[in-house]
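Fold and geometry: a report
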Amino acid sequence: MNTMPNTTARPLLVFAHRGEAQVFLKKLHLKSMPFHFDGLYQSNDAYLLITGEGLQNASERLSAVLAALRESVQRVVNLGIAGGLDSDTDLEKICSIRTVYRSDNAEMQFKTFTTSDAAASLDIISASQRILRRESAEKLKPFASIVDREAWACASTTDLFKVPFYCYKLLSDLPEEGTVCLDIRAQAERYSTLLFEFYQNVHLNTPHAEASLSNGLLPAGFYASTSQLRQLKTLLKHLCIKLQISEAEVIRRANPEKIIERESKEKQRTSLLLQELTDLLNPFNARLRERLDDLTAPLASAGCRVKFSRDYEDDEVTITARIRHPQHLKKLQNALVAFDYDAVLKVLQGEDKL
Amino acid sequence: MLFERIFVEKQVQQHPQTLRVQEALPKIPVTYIDKISDVFEKARKPYLQKRDSLNLFLGRKEGQLVKEAPDAYGLSGDPHYYFIHAYNCIYECEYCYLQGYFHSPDLVMFVNHDEILAEMKQICRQHSPEETVWFHAGEFSDSLALAHLSGELPEYWDFFREMPNARMELRTKSVNIKPLLTLGPLENIIITFSLSPSAAARQYDRKTPSTQARLNAMKRLADAGFQMGIHLDPIVYDERFESDYQQLVTEMLQAVPVEQVNYISLGVVRFTRDVFHEFSKNYPKSGLLAGEFVKSFDNKVRYNRPQRLYLLKTVQRMCVEGGVAPEKVYLCMEAE
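Parameters at a glance
- Residues numbered from 1 in each chain as written.
- Chains lettered and ligands numbered in written order.
- Predicted model: local features only at pLDDT ≥ 70, side-chain atom pairs only at ≥ 80, totals over all residues.
- Heavy atoms only, no water.
- Domains from an automatic or database assignment.
- Helix = DSSP H or I, 4+ residues; strand = E, 2+ residues; numbered from the N terminus.
- Buried < 20%, exposed > 50% of the residue type's maximum accessible area, 1.4 Å probe, protein only.
- Contact = heavy atoms within 4.5 Å.
- Core = buried A, V, L, I, M, F, W, Y, C linked by side-chain atoms within 4.5 Å.
- Buried area = accessible area lost by both parts, 1.4 Å probe.
- Salt bridge = Lys/Arg side-chain N within 4 Å of Asp/Glu carboxyl O.
- Polar contact = N/O pair within 3.5 Å; in protein donor to acceptor, adjacent residues only side chain to side chain.
- Nonpolar A, V, L, I, M, F, W, Y, C, P; charged D, E, K, R; others polar.
- Lys, Arg positive; Asp, Glu negative; His and termini not counted.
- 1 Å grid on protein atoms, 1.4 Å probe; cavity = no way out; pocket = protein on both sides within 12 Å on 5 of 7 lines; lining within 4 Å.
- Points joined across faces, edges and corners; volume = space filled by probe spheres on them.
- Axes fitted to C-alpha atoms, helices over the stretch in contact; angles between N-to-C directions.
- Parallel < 35°, antiparallel > 145°, perpendicular 65-115°, else oblique.
- Left-handed = near helix turned anticlockwise from the far one by under 90°.
- Pairing = 2+ DSSP bridges.
- Right-handed = clockwise from strand over helix to strand, strands pointing away.
- Expected span 1.5 Å × (residues − 1).
- Arc of directions from axis to C-beta.

Once the domains are mapped, chain A shows domain 1 (10-205), domain 2 (211-281) and domain 3 (288-354). Between domain 2 of chain A and domain 3 of chain A, the C-alpha centre-to-centre distance is 30 Å.

Shown next as structure tokens:
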């Protein structure tokens, strides 16, 4: 059995029934893929999974597939037929789903998921049982206008694996409309064709995931650890918002050439770069730190360590000094005389115009 | 249309407020339910769905209707309470704590104002007649934005006319002042506006009236003799902070004469951890995210203390220099 992913990321299309998927299987030239169970297909452009009906089937099978193929799955797209809950439902319309609710034995579950389609405006409830009677539909109507059996499980699983999730449903019937499974099955090929045409249109217009930041943005001569990279990513994101410029331009504003001149170690340079970016993000705190450094300079020059409370949440200053010689004591005494705690208090209490 | 659907509790189906709202919104479909909690917050509804599928619930508030306010809520020394007449808001301020408070953005209006007023009366009796007892509206919803629709204000006017030792604060960002002008001013009802500099309001106070429109509404109310209050909250730091706030303080004191300003509360932008999480998710490109926040003494996400105090003291000084008595300017939710 070969479950090694192909290197190119592609969408994973998820259906409950083979009938709904039949046109996709043909048109996308999908071939059965050896896996722990039947129902997984692949081509160069897509994976396709048939889960079987219901929340549990969808959850189990999609979890297994994503566990094996996560790195090569660009997004999960759940397609299929669903029922309308409103009598004015536009049958055979295909909807992009916004929020996915779940109902177990007519009891609404609290947890919901929202798809990645920001333009979607219809919600769906995945029910643990088929909704065949009008009374059951009435109980669900306050929450959504469409009902299916799998979307919530797909949404929940993709959320767990942090994969973008899309959901498109063709409205095939209404409760109490007298539709039986056999009628739906008879329409399966037509429904599958409609879904395929819709999908092709949407698929071509869905943007690919944003390129993620990599070490590549760091100028030559810098090295970042994983935590530094994470911090860099956050800082760059916020600075791009604040300054309305590109990440590369933000880095340029931190003057990396000057940092290279000042520091020889690559990782230390990254620390300095992060500090520059932090100061750029919050000039108030940069000035605050600078002012406190100035005010504690006499203590620092006497060899004392000066520490403020965390985030300056109180007025405490901890001064640590080591005395090994009478001269050290003399120096410390002079430094303490020169140290202006009142001025520090003014800064800490927001009274110094920084 | 403002609302997609109205859900009405069967027990208030014939309540005058219910009928008034339905009459005002005749095209919105109505569903009758046993209890608001059968639908509202039953399943998590994403906050931003308020933009295109907001529902309105009408029902009876159960449990405690009037609650003691936390410390540093209003002018110190007096007992402060807040009452709950509604949940959620039609506006969409990026920093709003409601986005992490309820599990649904849908609007809930409670119609049992008679019971709220009875509880207020009870509370007033527990205090001596010399004490000023404050009741604040607008903790979980804008007090005025939909007042023309809910129509409960006359009941409160009748109550406060008879209770001189009680004071009510109606807190708003709306300019929906017609119901107030119709009722006229009362000495013990204070109308308070939340204000930010124009640029900040444009950036963060989505779907709210502009700062200028709020100032104009304040002026009209002040001219009509209303008692006023001002919330400069949340204060957000940026490089133009001092000049923007100087301009705002000048403009607001032009709109409302100093003698009609009962109090000014100052607060710096802050979030509970849950709200900050929701806010970051809802507004990933918000300029507010560029602030250097820390987890503070009360587990809230906010600026560090020197920055907070600098912001608060600077605006406090501006207000005092503008002629507001220092004791009328208080710092909201800030331990000092």
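So, about the environment of Ala9(A). Residue and element names in this part refer to chain A. Here Ala 9 lies in the segment before β1 (10-15). On the accessibility criterion, Ala 9 (36% relative accessible area) is partly exposed. Apart from residues lying up to four places away in sequence, Ala 9 is in contact with Glu 71, Ser 72 and Gln 74.

Attention shifts here to the nonpolar core. All names here are of chain B. Core analysis: the largest hydrophobic core is formed by 112 residues, its most contacted members being Phe 135 and Leu 232. Among the elements that make up this core, the one with the highest residue count is helix α9 (residues 241-255) (7 residues). Excluding its chain neighbours within four sequence positions, the residues that come into contact with Leu 232 are Leu 195, Leu 248, Val 249, Met 252, Ile 264, Ser 265, Leu 266, Gly 267, Val 315 and Cys 319.

This brings us to the interface of chain B and chain A. Facing 36 residues of chain B, the contacting portion of chain A comprises 36 residues. Roughly 3,000 Å² is buried in total at the junction of chain B and chain A, and carbon and sulfur atoms are behind 52% of that figure. Sorting the residues of chain B by area buried against chain A places Glu292(B), Arg305(B) and Pro306(B) first, and these three jointly supply 20% of that buried surface. At the boundary of chain B and chain A, one finds 7 salt bridges. The residue Arg98(A) makes a salt bridge to Asp52(B) at a minimum N-O spacing of 2.8 Å. Our enumeration of links across chain B and chain A arrives at 18 residue pairs in polar contact (both at pLDDT 80 or more). Among the secondary structure elements, those contributing two or more residues to the side of chain B that touches chain A are β16 (294-295) and α11 (305-321) of chain B. Looking at which element gives the most residues to the side of chain B that touches chain A, the answer is α11(B), with 7 residues. In terms of residue class, the side of chain B that touches chain A is built from 13 nonpolar, 9 polar and 14 charged.

A separate point is the side chain of Glu169(B). Residue and element names in this part refer to chain B. Checked against the element boundaries, Glu 169 lands in strand β10 (residues 166-172). No salt bridge forms around the buried Glu 169; measuring N to O, its nearest opposite-charge neighbour Arg 171 is 5.2 Å away. Here Thr 192 takes part through its side chain, which lies 2.9 Å from a polar atom of the side chain of Glu 169. When near neighbours in sequence (up to four residues on either side) are disregarded, Glu 169 contacts Phe 135, His 136, Ala 137, Ile 190, Thr 192, His 231 and Tyr 263.

Residue and element names in this part refer to chain B. Computed from the structure, the second largest pocket encloses a volume of approximately 950 Å³. What lines the second largest pocket is a set of 36 residues, and nearest its centre among them are Tyr 97, Gly 138, Glu 139, Arg 171 and Arg 270. Within the residue set of the lining of the second largest pocket, elements represented by two or more residues are β7 (92-93), α2 (98-101), β10, β13 (227-235) and β15 (270-271). Here the residues of the lining of the second largest pocket are counted per class, giving 20 nonpolar, 7 polar and 9 charged.

Let us now look at the packing of helix α2 (residues 55-69) of chain A against helix α4 (residues 151-161) of chain A. When two helices pack together, their arrangement is given by the angle between the helix axes and the distance between those axes. Residues and elements named next belong to chain A. Packing of α2 against α4 brings their axes to within 8 Å, and their N-to-C directions diverge by 30°. What the angle tells us is that α2 and α4 run roughly parallel. Handedness of the crossing formed by α2 with α4: right-handed. Across from Leu 55, Ala 58, Ser 59, Leu 62, Ser 63, Leu 66 and Ala 67 in α2, the residues of α4 making contact are Trp 152, Ala 153, Cys 154, Thr 157, Thr 158 and Phe 161.

With that settled, the discussion passes to the environment of Val261(B). Residue and element names in this part refer to chain B. As for its placement among the helices and strands, Val 261 is situated in strand β14 (residues 261-268). Sequence separation between Val 261 and Lys 328 is 67 residues, and the spatial gap between their C-alpha atoms is 8.2 Å. Contacts of Val 261, omitting those with residues within four sequence positions, involve Met 228, Ile 230, Leu 253, Val 256 and Lys 328.

We now examine the sheet that holds strand β3 (residues 55-59) of chain B. Residues and elements named next belong to chain B. Overall, mixed pairing links the 5 strands, which are arranged β2-β1-β3-β8-β6 in an open sheet. The sheet is open, and its two borders are formed by β2 (30-33) and β6 (86-87), each paired with just one other strand. Bridge count between strand β1 (residues 5-9) and β3: 4 bridges; the pairing is parallel. In the strand pairing of β3, Arg 5 is matched with Asn 55.

Residues and elements named next belong to chain B. Counting buried residues along β1, 4 of its 5 residues qualify, which places the element largely inside the surrounding structure. Bridging between β1 and β2 involves 4 bridges; their strand directions are parallel. If you follow Ile 6 over to β2, its bridge partner there is Val 30. Remark: the β1/helix α1 (residues 16-24)/β2 crossover connection has right-handed handedness.

With that settled, the discussion passes to the pairing of β13(B). All names here are of chain B. Buried residues dominate β13, accounting for 9 of its 9 residues. Pairing of strand β11 (residues 189-194) with β13, which is carried by 5 bridges, proceeds in the parallel orientation. Bridge pairing links Phe 193 to Ile 230 in β13. With 6 bridges connecting them, β13 and β14 associate as parallel partners.

Its 13 residues give helix α10 (residues 283-295) of chain A an end-to-end C-alpha distance of 18 Å, which sits within 8% of 18 Å, the value for a rise of 1.5 Å per residue. Looking at α10(A), one finds that the buried residues are Pro283(A), Phe284(A), Asn285(A), Ala286(A), Leu288(A), Leu292(A) and Leu295(A). Contact partners of the buried residues in α10(A): α6 (226-243), α9 (266-281), α11 (297-301), β12 (305-308) and α13 (341-348) of chain A together with α11 of chain B. Measuring from the side-chain oxygen of the N-cap residue of α10(A) to the backbone nitrogen of Phe284(A) gives 3.1 Å; that N-cap residue is Asn282(A).

In this section: helix α10 (residues 273-282) of chain B. All names here are of chain B. Every buried residue of α10 is listed here: Val 275, Phe 276, Glu 278, Phe 279 and Asn 282. All buried residues of α10 project into a common sector of 165° when viewed along the axis, lining one side. Among the exposed residues of α10, those oriented more than 90 degrees off its buried face are Arg 273, Asp 274 and His 277. Of the surrounding elements, those touching the buried residues of α10 are α2, β15 and β17 (301-302).

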